[in-house]
Amino acid sequence: MASENPVIETRDLTIQFGGHVAVNQVSCAFYPGTLTSIVGPNGAGKTTWFNLISGQLRPTSGQVLLHGEDISRLPAPTRADKGLGRAFQLTNLFPNLTVLENTRLAVASRYNIGYNFWNMAARRQDITDKAMHYLTQVKLAHRADYVANGLPHGDQRKLEVGLLLALEPEVFMFDEPTAGMSVDEVPIILDLIADIKAREDKVVLLVEHKMDVVRSLSDRIVVLHNGELVADGEPAEVIASPVVQEAYLGAAQDETEQA
Amino acid sequence: MIHSLLSGDYPRSRLLTVLLIAIFIGLALGPFLFSGTVAFRTMGLIVVFILVVAAYDLMLGYTHVVSFAHLMFFGFGAYGVAMALDSMGSNFTAIAVGTGASLLASIVVALLLGLLSLRVKAIFFALVTLAIAFSFMVLVNQLYTLTGGEDGMRVAVPRELGPAFRLDEPLTGFSLLGWLWGVVTNPLGLVEVTREAFFDVRANGRLLMYYVSFVITLVLFLGMLRLVNSPFGRVLLAIRENEFRAEALGYRTVYYRTAVVVLASALATIGGVMFALVTRYITPESTLDFELAVFVLLMCVIGGMGTLYGAVIGATVFLIAQNYLQDLLGVLSGWMEHVPVLAMAAPLFGSDRWLLWFGVLFVLSVYFFPTGIVGQLREWAARRSRAGEELVEGEKVDEPASHGA
């Protein structure tokens, strides 16, 4: 797999907020058909790194490459058009629109019909059908007419994932997709992620705290600590490595020892 | 047919439907239903401001772009056409040139404003529009050789649109309010009351201009209704709800915001042209004043932001209140002066205090109907139909249970 060309790559990617270096010289490449988990303690810079890749932030220095093209200066919408899809850690929906309308907006973006100001949106049955297809995947079809705001937290998380699916990107970026979900909802999302991974041409990046999830899904684990990339490799070997034990699991172990 | 005309965006409330139909009929047949110059003037203003407020709602209600320069574009249209008529003579070419030039100016300035919104956050954008609108007002006041300054300027409309242009056949109207008033006060003299209710409608160029404005507003309103229900309109809603996410989905929100600012400004310009031609006299106070900008905002909020129908209701309610609340208060205070205890409070209800009472009404309406008249009516209708649905669903759920038992 490493012999193929990377889809997305960061080179010496750095961002500084005042005196604080949130992401420091991170270089990493991601290949099609693989699922990479990004782990690290809170404040390690995982979400900031995601923001740099999907365009919500611009780097202080370094590059983001998509199929070898430098996209680090492009705005977020352009990157989304180029196939970078992002789901957010904090639920980030269109609160007063219905679940269906939320999803249709994602589908319509891919169809590039946003500038059509004369046809009735409701008459585009193809877009509604597509949207319903993705809502069925995230088990929200029965809630299509609900206002997003009125959904329980777990359903909002599912819709967040549904919007990403509806964008049909080449690179799927999940930021803690199962955070705050109930135990019986988590497998729905994990199965969906596993399905995406099974499609050979997609790249999946996953920020996740639940180590059992990470271990079962990942082809590869990248560890960030204090904004730096400290480990990168096969799941078993990364989890076992001393640097990870110290940086990530260290604190937890100390606590258990004390207890 | 109706589905296409309204772009599938129905009033979704029985009472709202009744109100809208009443307003539509009232404006369509207005000159033949309401007698008097005040009524005619009020109807003309309602027609113009429905367009202006609906255009404002595209920005404020649908996209959450707060602009105080809307009235400036209105002024572009009003002064553009007035100056063209002044310098080129009272003909239709002058109207076309004035409209075209002011539309062009509006589009250029709105484009610059829209691109500015790329750089600055919402609150700064609002402040910048306020500053620009103020400087335009100062400019109009200072350039009195061109604009008449604070005295304003007479709009020399072509003869065909003025009072001098008369139809040969006299038209007859039937004064609805006069008749109703007569029926109540003099129920026995029904024949006489009915005969008195008929009045002559002055079939002149002003009536023609009124109907031209009516048709323009109707067509543009239906166009806007189509716009907000198009995929483009959906993106505007997405920007209102969560601009950050709209960008993450791939929408270049700056382009959309610029487009909506340009469009709303162009529509306000057309509204300004109509205003100048309908009222035939414009001053900075009647076209550009900050107070008027606040009134437009109020009409939008009272009617219900983000509903377009709210613009119709809001403009109608506000302008009727503005023109008739004074009369009503005058009657009220006159009556109070004769009552011993209430006489002290009578000055509070003087007709020049209408703005005070309108303010009270506004505060109450925002408190009790935060989503505006249209929003509230729709909410009630939705609650009622939901209650109905739950009843039906409850029956369905009960069935299998009874089978099980």
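All figures in this text were calculated on a predicted structure; none of them were measured in a lab.

Scoring rules and cut-offs
- Residues numbered from 1 in each chain as written.
- Chains lettered and ligands numbered in written order.
- Predicted model: local features only at pLDDT ≥ 70, side-chain atom pairs only at ≥ 80, totals over all residues.
- Heavy atoms only, no water.
- Axes fitted to C-alpha atoms, helices over the stretch in contact; angles between N-to-C directions.
- Helix = DSSP H or I, 4+ residues; strand = E, 2+ residues; numbered from the N terminus.
- Parallel < 35°, antiparallel > 145°, perpendicular 65-115°, else oblique.
- Left-handed = near helix turned anticlockwise from the far one by under 90°.
- Contact = heavy atoms within 4.5 Å.
- Patch = residues over 30% accessible without salt bridge, like charges linked within 9 Å, V, L, I, M, F, W, Y side chains within 5 Å.
- Areas by Shrake-Rupley, 256 points an atom, 1.4 Å probe, with all protein chains shown as cover.
- Salt bridge = Lys/Arg side-chain N within 4 Å of Asp/Glu carboxyl O.
- Buried < 20%, exposed > 50% of the residue type's maximum accessible area, 1.4 Å probe, protein only.
- Buried area = accessible area lost by both parts, 1.4 Å probe.
- Pairing = 2+ DSSP bridges.
- Phe/Tyr/Trp six-rings, centres within 6.5 Å; stacked < 30°, edge-to-face > 60°.
- Lys NZ or Arg CZ within 6 Å of the ring centre and 35° of its normal.

Enquirer: Sorry, what's going on with the packing of helix α9 (residues 176-185) of chain B against helix α10 (residues 190-197) of chain B here?
Expert: Two measures define how a pair of helices packs: the angle their axes make with one another and the distance between the axes. All names here are of chain B. Packing of α9 against α10 leaves a shortest axis separation of 9 Å and a crossing angle of 160 degrees. Viewed along their axes, α9 and α10 adopt a mutual orientation that is roughly antiparallel. The interaxial crossing formed by α9 with α10 has right-handed handedness. Judged by residue contacts, W179, G182 and V183 of α9 engage L190, V193, T194 and A197 from α10.

Enquirer: I'm lost on a nonpolar patch on the surface in this one. Help?
Expert: A cluster of nonpolar residues, B:L348, B:L356, B:V360, B:L364, B:Y367, B:F368, B:F369 and B:W380, forms a patch on the protein surface that exposes about 800 Å² of accessible area. A relative accessible area of 43% means that B:L364 is categorised as partly exposed.

Enquirer: Would you mind showing me how to read the interface of chain A and chain B here?
Expert: Accessible area lost when the parts come together is the quantity often used to give the size of an interface. Chain A puts 34 residues into the contact, and the matching count from chain B is 28 residues. Here chain A packs against chain B, burying approximately 2800 Å² in sum over the two surfaces, 61% of which is carbon and sulfur. When the buried area of chain A at its contact with chain B is split by residue, A:F94, A:Y115 and A:M120 rank highest and sum to 21% of it. Counting across the chain A and chain B interface gives three salt bridges.

Enquirer: Looking at this structure, how should I read the sheet that holds strand β1 (residues 8-17) of chain A?
Expert: Residues and elements named next belong to chain A. Across the sheet, which stays open at both edges, the four strands sit in the order β2-β1-β4-β5 with antiparallel pairing between neighbours. If you trace the sheet from one side to the other, it starts and ends with β2 (20-30) and β5 (69-70), each paired once. Where strand β4 (residues 61-66) and β5 come together, two bridges link them in antiparallel fashion. In the strand pairing of β5, L66 is matched with E69. Helix α1 (residues 46-54) rests against β1, β2 and β4 of the sheet, and its axis sits at about 115 degrees to β1.

Enquirer: I tried to follow the pairing of strand β9 (residues 220-225) of chain A on my own but got confused; where do I start?
Expert: One face of the sheet, then the other: side chains in a regular strand alternate in exactly this way. Residues and elements named next belong to chain A. For β9, the buried fraction is high: five of the six residues fall into the buried class. As defined by bridge partners, strand β3 (residues 34-39) adjoins β9 across four bridges and the pair is classed as parallel. Counterpart to V39 in the pairing with β9 is V223. Sheet topology places β9 next to strand β10 (residues 228-233); five bridges connect them, and they run antiparallel. Bridge assignment links V223 to a residue of β10, and that residue is A231.

Enquirer: Sorry if this is basic, but what is going on with the side chain of B:S213 here?
Expert: All names here are of chain B. Structurally, S213 is set in helix α11 (residues 205-228). According to the relative accessible area criterion, S213 is buried, its value standing at 1%. Aside from chain neighbours lying at most four places away, what touches S213 is V47, M274 and V278.

Enquirer: I tried to follow the packing of aromatic side chains on my own but got confused; where do I start?
Expert: Any two aromatic rings considered together are summarised by their centre-to-centre distance and by the angle between their planes. As enumerated under the stated definition, the model contains 24 aromatic pairs over all chains in all. Taking 4.8 Å as the distance between ring centres and 50 degrees as the angle between the ring planes, the aromatic pair formed by B:F295 and B:F318 counts as tilted. Pair noted here: B:F295 is in helix α15 (residues 290-303) and B:F318 is in helix α16 (residues 309-336), with a separation of 23 residues, a long-range link. Note on accessibility: B:F295 and B:F318 belong to one class, buried. Among the aromatic side chains, those forming a connected cluster through ring pairs are B:F24, B:F40, B:Y210, B:Y211 and B:F214. Note that A:R143 overlies the ring of A:Y146, its terminal NZ or CZ placed 5.0 Å from the centroid.

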